[in-house]
There are 2 protein chains.
Amino acid sequence: MKKTNILKKIENAGLKKTKYRVNIIDLLEKADGLLSASDIHQLLIDNDIQMDLSTVYRTLEKLTENNIINRIELEKEKQSLYEYNREKHHHFMICKSCNKIETIYDCPLTKYEEDIKAHSDFLITGHKIEFYGYCKNCRKRLKIN
Amino acid sequence: MKKTNILKKIENAGLKKTKYRVNIIDLLEKADGLLSASDIHQLLIDNDIQMDLSTVYRTLEKLTENNIINRIELEKEKQSLYEYNREKHHHFMICKSCNKIETIYDCPLTKYEEDIKAHSDFLITGHKIEFYGYCKNCRKRLKIN
DNA sequence: ATATAAATGCAAATCATTTGCAATTAATAA
DNA sequence: TTATTAATTGCAAATGATTTGCATTTATAT
Ligand SMILES: [Mn+2]
Ligand SMILES: [Mn+2]
Ligand SMILES: [Zn+2]
Ligand SMILES: [Zn+2]
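Definitions and cut-offs
- Sequence order as written defines the numbering, with residues in each chain counted from 1.
- Both sets of labels track the order of writing: A upward for chains, 1 upward for ligands.
- Side-chain atom pairs in this predicted model are given and counted only at pLDDT of 80 or more, local residue features only at pLDDT of at least 70, and totals for whole chains, interfaces and linings cover all residues.
- The side-chain values count all of the structure's non-hydrogen atoms but skip hydrogen atoms and water molecules.
- Only nitrogen, oxygen and sulfur atoms within 2.8 Å of the metal, or 3.2 Å for Na, K and Ca, are treated as donors, and water is left out, so sites may look incomplete.
- Throughout, exposure labels follow a simple rule: accessible area from a 1.4 Å probe, protein chains only, divided by the maximum for the residue type, with under 20% read as buried, over 50% as exposed, and the rest as partly exposed.
- Note on pairing: two strands pair once DSSP finds at least 2 bridges between them.
- To qualify as a helix, a DSSP run of H or I must reach at least 4 residues; to qualify as a strand, a run of E must reach at least 2; elements of each kind are numbered from the N terminus.
- Residues are labelled near a given molecule or strand when at least one of their non-hydrogen atoms is within 4 Å of it.
- N or O atoms closer than or at 3.5 Å make up a polar contact, with two conditions inside protein: a donor-capable atom paired with an acceptor-capable one, and, for residues adjacent in sequence, both atoms drawn from side chains.
- In the scheme used here, Gly and all other residues not listed as nonpolar or charged are polar, with Ala, Val, Leu, Ile, Met, Phe, Trp, Tyr, Cys and Pro taken as nonpolar and Asp, Glu, Lys and Arg as charged.
- Contact definition: two residues touch when any of their heavy atoms are within 4.5 Å.
- Buried surface area refers to the total accessible area, computed with a probe of radius 1.4 Å, that the two partners give up upon joining, counted for both partners together.
- Salt bridge, as applied in this entry: a Lys or Arg side-chain nitrogen positioned within 4 Å of an Asp or Glu carboxyl oxygen.
- A fitted line through C-alpha atoms serves as each axis, taken over the contacting stretch for helices, and the angle formed by two N-to-C directions is quoted from 0 to 180°.
- When an angle is under 35 degrees it counts as roughly parallel; over 145 it counts as roughly antiparallel; between 65 and 115 it counts as roughly perpendicular; any other value is oblique.
- Alignment of the copies relies on least squares applied to C-alpha atoms, considering only residues that score at least 70 for pLDDT in both.

*Asks:* Hey, could you go over the coordination of the zinc ion (ligand 3) for me, with residue numbers and the actual values?
*Replies:* All names here are of chain A. Looking at the metal site, the zinc ion (ligand 3) is ligated by Cys95 (SG), Cys98 (SG), Cys135 (SG) and Cys138 (SG), spaced 2.2 to 2.3 Å from it. Each donor residue of the zinc ion (ligand 3) lies on one chain, and together they are spaced C-x2-C-x36-C-x2-C. In this pair, the class of cysteine 135 matches that of cysteine 138, namely buried.

*Asks:* Describe the pairing of strand S5 (residues 101-104) of chain A, listing the residues and the values that go with them.
*Replies:* Residues and elements named next belong to chain A. Both strand S4 (residues 91-95) and S5 contribute to a ladder of four bridges, which runs antiparallel. Its bridge partner being in S5, methionine 93 is matched across the sheet by glutamate 102. The hairpin formed by S4 and S5 contains five residues between the paired strands, and asparagine 99 there has a positive phi angle of roughly 70 degrees.

*Asks:* Describe the protein's contact with DNA strand D, and please don't skip the residues or the numbers.
*Replies:* If you check the shell around DNA strand D, you find 21 residues, and the closest are Tyr20, Arg21 and Thr55 of chain A together with Tyr57 and Ser80 of chain B. Of everything in DNA strand D that lies within 4 Å of the protein, sugar and phosphate atoms constitute 62%. A distance of 2.7 Å separates a phosphate oxygen of DNA strand D from a polar atom in the side chain of tyrosine 20 of chain A. The element that contributes the greatest number of residues to the surface near DNA strand D is helix H4 (residues 53-65) of chain A, accounting for five residues. The residue inventory of the surface near DNA strand D, partitioned by class, reads four nonpolar, eight polar and nine charged.

*Asks:* Please provide a residue-by-residue account of the coordination of the manganese ion (ligand 2), values included.
*Replies:* All names here are of chain B. Looking at the manganese ion (ligand 2), one finds its protein donor set to be His89 (NE2), His91 (NE2), Cys107 (SG) and His127 (NE2), positioned 2.0 to 2.1 Å from the metal centre. Sequence positions of the donors to the manganese ion (ligand 2) reduce to the motif H-x1-H-x15-C-x19-H. Taken as a pair, histidine 89 in the loop between strand S3 (81-84) and strand S4 (91-95) and histidine 127 in strand S6 (residues 123-134) lie far apart in primary sequence, 38 residues in all. The class for histidine 127 is buried, based on a relative accessible area of 16%.

*Asks:* Explain the interface of chain A and chain B residue by residue, including any values.
*Replies:* Taken together, the 36 residues of chain A in the interface contact 37 residues of chain B. Taken together, the two surfaces of chain A and chain B that pack against each other cover about 3100 Å², and 61% of this comes from carbon and sulfur. Lysine 136 of chain A is the partner of aspartate 121 of chain B in a salt bridge, and the nearest nitrogen-oxygen pair spans 3.6 Å. Counting every contact that joins chain A to chain B gives 14 residue pairs in polar contact (both at pLDDT 80 or more). Counting only elements with at least two residues in the side of chain A that touches chain B, the list comes to S4, S5, helix H5 (110-119), strand S6 (123-134) and helix H6 (136-142) of chain A. If you tally residues by element for the side of chain A that touches chain B, the top one is S6 of chain A, at 12 residues. Per-class residue counts for the side of chain A that touches chain B are 18 nonpolar, six polar and 12 charged. As paired elements, S6 of chain A and S6 of chain B share 11 bridges and run antiparallel to each other. The partner of isoleucine 124 of chain A across the bridge, within S6 of chain B, is glycine 133 of chain B.

*Asks:* Give me the lowdown on the protein's contact with DNA strand C, citing residues and values where you can.
*Replies:* DNA strand C sits among 21 residues. The nearest are Tyr57 and Ser80 of chain A together with Tyr20, Arg21 and Thr55 of chain B. Backbone sugar and phosphate groups make up 62% of those atoms of DNA strand C lying within 4 Å of the protein. Take serine 80 of chain A: an N or O atom from its main chain is 2.7 Å from a phosphate oxygen of DNA strand C. Residue assignment for the surface near DNA strand C shows that the elements contributing at least two residues are H4 of chain A together with helix H2 (19-30) and helix H4 (53-65) of chain B. If one sorts the elements of the surface near DNA strand C by residue count, H4 of chain B sits on top with five residues.

*Asks:* Which residues make up the packing of H2 of chain B against H4 of chain B, and what are the values?
*Replies:* Residues and elements named next belong to chain B. Between H2 and H4, the least distance of the axes is 10 Å, while the angle of their chain directions is 70 degrees. Judged by the inter-axis angle, H2 sits roughly perpendicular to H4. Residue-level contacts link Tyr20, Arg21, Ile24, Ile25 and Leu28 of H2 to Thr55, Val56, Thr59, Leu60, Lys62 and Leu63 of H4. For the contact of H2 with H4, the residue count by class is seven nonpolar, two polar and two charged.

*Asks:* For the relation of the copies chain A and chain B, give the residues involved together with the corresponding values.
*Replies:* You can overlay chain A on chain B at an RMSD of 0.1 Å; the transform is a turn of 180 degrees with a shift of 0.0 Å along its axis. Viewed as a symmetry operation, the transformation between the two copies matches a two-fold axis. Of every C-alpha in chain A, the one belonging to isoleucine 129 of chain A sits nearest the axis of rotation, 2.2 Å from it.

*Asks:* I'd like to hear about the sheet that holds strand S1 (residues 35-36) of chain A, residue by residue, with values.
*Replies:* Residues and elements named next belong to chain A. With antiparallel pairing, the three strands of this open sheet are ordered in space as S1-S3-S2. Looking at which strands have only one partner, the edges of the open sheet turn out to be S1 and strand S2 (69-72). Bridging between S2 and strand S3 (residues 81-84) involves four bridges; their strand directions are antiparallel. Paired with arginine 71 across the two strands is tyrosine 82, which belongs to S3. The sheet contacts of H4 involve S2 and S3, and relative to S2 the element is tilted by about 110 degrees.

Shown next, in the form of structure tokens:
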């Protein structure tokens, strides 16, 4: 992503443009998987960017609040994970053996939520799904079909 | 549930029959909602049953391992919650305003999982869904339609 | 009744996350 | 540019749920 776009996002959120914020957004935008606060902290250090872990947390909080990134809480992962917000509804498949996380850009619930809307007093405004199972590699390795 | 059935469950799991285990299973079987470890600890104290919180945790762990109860980890609840395992597949609807948790004994994913099975290398063996929205009371109170 | 492994209480440790506070810095106005 | 002010930061300490080490007790089988 062009740096100007990142700066625009920060500006639109009414946040100060600090090198830390630009760096974290940049890093998450380039990352291909989900990253934890400490992952991010370490990656910054690897890039010679010193930043206190508490500041990482505060930054992630602010960016999450402003929908620039998403905080993901997965079953069993004690740490929160973060991803760049590409504004594309998605879900996760998590391998029970190696913990690999794959993303599904697809959603089976649209119709179901409409049904609930019609038949229940509860108004659904969102949902979260995690699928659990075995990834390609682990199926092979563990001979699971 | 008749106490003999609880004892049978403990026995089948190869666990010792301690008053604590019987009490916790009993309590969860009667509870109508989800309970945290500290909820359970407090309820036991209210019933004049002294039990160390660490023992509550260890008991819940054992009962979960043996599928007598289920451990539920919900987005944003920092504490794990527990329910008696009625062996009935279900999901939750969580009110964004009052945090009320309602259960859905229904599942919209059977067909979808078969689709994934057919089109992906990932083998799905289970899933987890949380629906978020507003319960009847909060819809009324907050005038949300 | 005895032996043995499991269960327990208590205190201390863990670990991700949060917070208080003083110092620094970005944004804005003068 | 300089001054002003609120936001941001670093550091150390706190938090809070959960876990663990260890000595003691208890349930179960012989
Ligand atoms: Mn969806
Ligand atoms: Mn289901
Ligand atoms: Zn795997
Ligand atoms: Zn509600």
